[in-house]
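Single-letter residue listing:
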Amino acid sequence: MAQFDFSIVTTGEFRGWLVSGFLLSLRLTCITWILSLPIATAIALCRLSSVAMLRGAGAVFVEGIRNIPLLVHLLFWYFAMPELLPETARTWLYDHGAESICAVIALTFYTSSYMAEDIRSGIRAVPATQLEAARALGFGYLASMRRVVLPQAVRIVVPPLISQTLNLWKNTSITTVIGTAELMYQAQRVETASFRGVETFGVTTLAYLSVSLVITALALWFHHRFPVRAT
Amino acid sequence: MRSTSHLVIAYAFLWIAVAPLARADQLADIKHKGELVCGVLATDEPMSFVDPQTRTIIGYEVDLCKAVARKIGVTATLKQVAVAARIPELQQGRVDILGATLTHTREREAVIAFSLTTFVTGQKVMVRRDSGITTPAQLAGKKVVTVRGGTQEPNIRKAVPTVDVVTFETAPQALVALQQHKAAGFVNDEVSLFDAYSKLGPAQKDYVILPQNISTEVVALGLRKDEPALKAAVDGALRDLETSGEAEKLFFKWFGPGTRLQYQTRAFHIDSDRLAN
């Protein structure tokens, strides 16, 4: 029976590797989330627009992105996209941590296509009469959206958005394939160096789980604090 | 009947008594029999392998054995040994010398002796020719790519402490990253690197494999412990091969351009039996 010794991976050099991976995973999640939300909102509004071209563009974005696996996205943004860039842009990218930048780009597109659908369904859940009433009172389309529809939609949208955040947090682990030194990457590195697979992935699992549980708790709290109002 | 069995017993006693004497000096013994028995793997191209045309065992270590035997003034006899059995075969005297792709390690020094180092292999770095990098040290502060899970990453970090390493699931992905200018160097096992290099085709002219090893594995001939006369004779023969340039010729014959491995340079000399560090 093998002896488990978690102190090997929770102290010294190996802990440093895991912590740096954990922090990068958190950073990837936060940056992607901040970038995804406005993009997703814009796409959702496009898909709800009365202009056919915007609706079409929104649909192409969402269906084009969420129907392709994240792994393929990552490989595309890391191995293929930079080759299409002009020389100077490419050099800049490679000098500024292409692994993390490409990971953020791929995660942002992927996450925003899912978030866009959640936001769109949230907006659609607000009865159409609300928009009509706002327009009747003399608000323009955007003003009606901003002042009347979106505030109501937010309550409906936040729980699924938190669930997308949970997916985003877990999806960061896939970026290891393009050499992004996040938690999964560092865990594999520690395993190789320490021959302590069980301990390494035990600690890693715990790290993913704890952040996931925090996000889930946030969703529950929001649901209690801001329940969807009956209209 | 009875006298026959007595004779057998007497014979056996004679052997038991004489055998240690006969082995007191293995070199004298070898000279007396007129043959040096070399244990070879015969399964490890190009160290020792069976020539498909002639069905005979040939290779780098075979040539070394023959050269050593010639210097001692005897003929070489080849005996095939298995990887796991090669050290016992040597210890029990079934072979006089091992040319069996035997890595010289500290652990093995406790049970057998080693000749001068006859071959050095290890991990190397491939760079783009236009990068102007000619030594691993120039990778300091730069990014290198390699495959995940092996000893490549720790070894390049040890060799160049300030290097920035990015690892991928597979070696071809790391090679693509080098080709796309994502990194200054691609670290891998020497033979894998030469293999990747050979697959580059016409693009080979744009890449260079740095001749220096970032980590080394040294191969030597194996000898029985406490046979100073034989070790001195073998080492002397190897030194002669080195000074006459014959060792270099043998190296390029089996590893040089025109072979599958296509080594352009020889990064070691047969001049020491010491392990580094």
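So, how was this worked out
- Residues numbered from 1 in each chain as written.
- Chains lettered and ligands numbered in written order.
- Predicted model: local features only at pLDDT ≥ 70, side-chain atom pairs only at ≥ 80, totals over all residues.
- Heavy atoms only, no water.
- Helix = DSSP H or I, 4+ residues; strand = E, 2+ residues; numbered from the N terminus.
- Buried < 20%, exposed > 50% of the residue type's maximum accessible area, 1.4 Å probe, protein only.
- Contact = heavy atoms within 4.5 Å.
- Areas by Shrake-Rupley, 256 points an atom, 1.4 Å probe, with all protein chains shown as cover.
- Salt bridge = Lys/Arg side-chain N within 4 Å of Asp/Glu carboxyl O.
- Buried area = accessible area lost by both parts, 1.4 Å probe.
- Polar contact = N/O pair within 3.5 Å; in protein donor to acceptor, adjacent residues only side chain to side chain.
- Nonpolar A, V, L, I, M, F, W, Y, C, P; charged D, E, K, R; others polar.
- Pairing = 2+ DSSP bridges.
- Core = buried A, V, L, I, M, F, W, Y, C linked by side-chain atoms within 4.5 Å.
- Domains from an automatic or database assignment.
- pLDDT = per-residue confidence, 0-100.
- Axes fitted to C-alpha atoms, helices over the stretch in contact; angles between N-to-C directions.
- Parallel < 35°, antiparallel > 145°, perpendicular 65-115°, else oblique.
- Left-handed = near helix turned anticlockwise from the far one by under 90°.
- Patch = residues over 30% accessible without salt bridge, like charges linked within 9 Å, V, L, I, M, F, W, Y side chains within 5 Å.

Counting secondary structure elements, chain B contains ten helices and twelve strands. Burial analysis of chain B (277 residues in total) assigns 47% to the buried set. Taking the intrachain contacts of chain B between residues at least 6 apart in sequence as the baseline, contacts between residues at least 24 apart amount to 69%. When the accessible surface of chain B is totalled, it reaches about 13,500 Å², and 57% of it is carbon and sulfur.

Residues and elements named next belong to chain B. Located in the positive-phi region is threonine 101, a residue other than glycine, with phi close to 45°. Residue position: threonine 101 is located in the loop between strand S6 (97-99) and helix H5 (106-109). Positioned with a positive phi, histidine 181 is a non-glycine residue whose angle comes to about 65°. Summarising the element assignment, histidine 181 is placed in the loop between helix H7 (171-179) and strand S10 (185-189). A residue is classified by how much of its surface remains accessible, and histidine 181, at 40% relative accessible area, is partly exposed.

Quick look at the pattern of salt bridges now. Applying the stated criterion across every chain yields a total of 21 salt bridges over all chains. Between Arg189(A) and Glu153(B) there is a salt bridge whose closest N-O contact spans 2.9 Å. Taken together, the residues Arg189(A) in helix H9 (residues 183-194) and Glu153(B) in helix H6 (residues 152-159) connect one chain to another. Taking the relative accessible area as the measure of exposure, Arg189(A) reaches 13% and is therefore buried. One salt bridge in this structure joins Arg128(B) and Asp130(B), with 3.7 Å as the shortest N-O distance. Taking relative accessible area as the criterion, Arg128(B) reaches 10% and is therefore assigned buried. By relative accessible area, Asp130(B) is classed as exposed at 61%. Connected through shared salt-bridge partners, Arg47(A), Glu63(A), Arg66(A), Glu117(A) and Arg120(A) make up one network.

Looking now at the interface of chain A and chain B. At the junction of the two partners, chain A supplies 15 residues and chain B supplies 17 residues. Roughly 1,400 Å² of surface becomes buried between chain A and chain B when both sides are summed, with 49% attributable to carbon and sulfur atoms. Of all residues in chain A, Phe79(A), Tyr94(A) and Tyr185(A) bury the most surface against chain B, accounting for 38% of the area lost on that side. Summed over the shared surface of chain A and chain B, the result is two salt bridges. Our count for the contact surface shared by chain A and chain B stands at nine residue pairs in polar contact (both at pLDDT 80 or more). At the level of elements, helix H4 (70-84) and H9 of chain A are the ones that each hand at least two residues to the side of chain A that touches chain B. A per-element tally of the side of chain A that touches chain B places H4(A) first, with five residues. Across the side of chain A that touches chain B, the residue classes break down as eight nonpolar, four polar and three charged.

Below, the discussion takes up the pairing of strand S8 (residues 143-147) of chain B. Residues and elements named next belong to chain B. With five of its five residues buried, S8 lies for the most part within the structure. Across the two faces of S8 the burial is the same, with Lys143, Val145 and Val147 and Val144 and Thr146 all buried. In terms of strand pairing, S8 meets strand S9 (residues 164-168) through five bridges, oriented parallel. By the bridge assignment, valine 145 is partnered in S9 with valine 166. Relative to S10, S8 runs parallel, the two sharing two bridges. Counterpart to valine 145 in the pairing with S10 is phenylalanine 186.

So, about the nonpolar core. In this structure, Tyr60(B), Phe119(B), Met126(B), Val145(B), Leu238(B) and Phe255(B) are the most contacted members of the largest nonpolar core, which totals 91 residues. Taken domain by domain, the makeup of this core includes at least three residues from each of domain 1 (21-121 + 217-255) and domain 2 (123-215) of chain B. Look past the residues within four positions of Phe119(B) in its chain and what remains in contact with it is Met47(B), Tyr60(B), Glu217(B), Val218(B), Val219(B), Phe251(B), Phe255(B), Tyr263(B) and Phe268(B). By size, the runner-up hydrophobic cluster in this structure holds 17 residues, among which are Val158(A), Trp169(A), Val190(A) and Ala219(A).

We now examine the confidence of the model for chain A. Per-residue confidence for chain A gives a mean pLDDT of 92; residues scoring 70 or more make up 97%. When mean pLDDT is taken per element in chain A, helix H3 (residues 52-66) of chain A scores highest with 96 and helix H1 (residues 7-10) of chain A scores lowest with 82.

Relative orientation and spacing of two packed helices are given, respectively, by the angle between their axes and the distance between those axes. All names here are of chain A. Here helix H2 (residues 12-48) crosses helix H10 (residues 197-225) at 30°, and the two axes come no closer than 12 Å. With respect to their mutual orientation, H2 and H10 come out roughly parallel. H2 and H10 meet at a crossing whose hand is right-handed. Here Leu18, Phe22, Ser25 and Leu26 of H2 lie close against H10, whose contacting residues are Val203, Thr204, Ala207, Tyr208 and Val211. The residue inventory of the contact of H2 with H10, partitioned by class, reads seven nonpolar, two polar and no charged.

For the rest of this paragraph, the subject is a nonpolar patch on the surface. Together, Phe4(A), Phe6(A) and Val198(A) line one region of the surface with nonpolar side chains, adding up to about 280 Å² of accessible area. Residue classification places Phe4(A) among the partly exposed residues on the basis of a relative accessible area of 46%.

Chain-level pLDDT for chain B is 88 on average; 91% of the residues reach the 70-or-more range. Overall fold confidence (pTM) sits at 0.69, and the ipTM for the predicted complex is 0.80.

What links the strands of a sheet is backbone hydrogen bonding, and the strands pair in either a parallel or an antiparallel sense. Residue and element names in this part refer to chain B. The three strands lie next to each other as S2-S3-S4, forming an open sheet whose pairing is antiparallel. Looking along the sheet, the strands with just one partner apiece sit at the ends: strand S2 (43-44) and strand S4 (57-58). Pairing geometry for strand S3 (residues 48-50) and S4, over two bridges, is antiparallel. By the bridge assignment for S4, phenylalanine 49 is matched with isoleucine 58.

We now examine the packing of helix H5 (residues 87-95) of chain A against helix H6 (residues 98-125) of chain A. All names here are of chain A. Viewed as axis vectors pointing N to C, H5 and H6 meet at an angle of 105°, and their least axial separation amounts to 6 Å. In terms of axis orientation, H5 runs roughly perpendicular to H6. Two secondary-structure elements touch here, H5 through Trp92, Leu93 and Tyr94 and H6 through Ala98, Ile101 and Cys102. Grouping the constituent residues of the contact of H5 with H6 by class yields six nonpolar, no polar and no charged.

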